[in-house]
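Take a look at the letters that make up each chain.
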Amino acid sequence: MAIVIDHDECIGCETCVELCPEVFAMMDGEEKAMVKAPDSNADCVQDAIDGCPVSAISKE
Ligand code: SF4
C-alpha cells in the first residue's frame with residue numbers, strides 16, 4: 001500500500017500538507033504536493049484524501 005498523488009490533478013492548494021504535514025509536503029518551486037512518507041499509516045492520510053478538492057490523493 002502506497003500513498004500517491006496524481007500530479008496532473010493536484011492544484012497545489014496545500015490542504016493535504018495542512019491536514020497531514022508528516023506525510024505531505026509541497027514540492028520546491030512547484031504548485032504541487034508530494035508524498036514524503038508513502039508507507040505511512042497515519043490517521044491523517046484519510047483526512048487528506050477526503051479533504052483534497054480534486055481527489056488527487058489515493059492509496060495503491
Ligand atoms: S489537497 Fe489535493 S490538490 Fe491540494 S495540494 Fe494536496 S494533493 Fe494537491
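Residues numbered from 1 in each chain as written. Predicted model: local features only at pLDDT ≥ 70, side-chain atom pairs only at ≥ 80, totals over all residues. Heavy atoms only, no water.

Enquirer: I keep staring at the site of the ligand and nothing clicks. Help me out?
Expert: All residues adjacent to the ligand are C10, I11, G12, C13, E14, T15, C16, A33, C52, P53, V54 and I57. Among the residues making up the shell around the ligand, the classes are represented as nine nonpolar, two polar and one charged. (Near = heavy atom within 4 Å. Nonpolar A, V, L, I, M, F, W, Y, C, P; charged D, E, K, R; others polar.)

Enquirer: Explain the nonpolar core to me, please; I cannot follow it from the model alone.
Expert: Most often, soluble globular proteins have nonpolar side chains that are buried together. Core analysis: the largest hydrophobic core is formed by 17 residues, its most contacted members being I3, I5, C16, C20, V23, F24 and I57. Counting only elements with at least two residues in this core, the list comes to β1 (3–5), α1 (15–19), β3 (33–35) and α2 (44–51). The leading source of residues in this core is α2, at four residues. Once you skip the residues sitting within four places of it in the chain, V23 turns out to touch I3, M34, V35, K36, A37, S40, A42 and V45. (Core = buried A, V, L, I, M, F, W, Y, C linked by side-chain atoms within 4.5 Å. Buried < 20%, exposed > 50% of the residue type's maximum accessible area, 1.4 Å probe, protein only. Helix = DSSP H or I, 4+ residues; strand = E, 2+ residues; numbered from the N terminus. Contact = heavy atoms within 4.5 Å.)

Enquirer: Explain the state of the cysteines to me, please; I cannot follow it from the model alone.
Expert: Think of a disulfide as a covalent bridge from one cysteine sulfur atom to another cysteine sulfur atom. The full count for this structure, using the stated rule, is one disulfide. In this model, C20 is linked to C44 through a disulfide, with the two sulfur atoms separated by 2.0 Å. Across the disulfide from C20 to C44, rotation about the S-S bond amounts to roughly 45°, and the bridge is consequently right-handed. Note that C20 is positioned in the loop between α1 and β2 (24–26) and C44 in helix α2, a separation of 24 residues in sequence. Given a relative accessible area of 0%, C20 falls into the buried group. Classification of C44 by relative accessible area gives buried; the value is 12%. (Disulfide = S-S within 2.5 Å.)

Enquirer: In this structure, what is going on with the environment of C20? I would like to understand it.
Expert: Here the alpha-carbon distance between C20 and N41, two residues 21 residues apart in the chain, equals 11 Å. Those residues in contact with C20, other than ones at most four positions away along the chain, are C44, V45 and A48.

Enquirer: So what exactly am I meant to see when it comes to the environment of E14 here?
Expert: Within the element layout of this structure, E14 appears in the loop between β1 and α1. Among the residues examined, E14 registers a relative accessible area of 38% and is labelled partly exposed.

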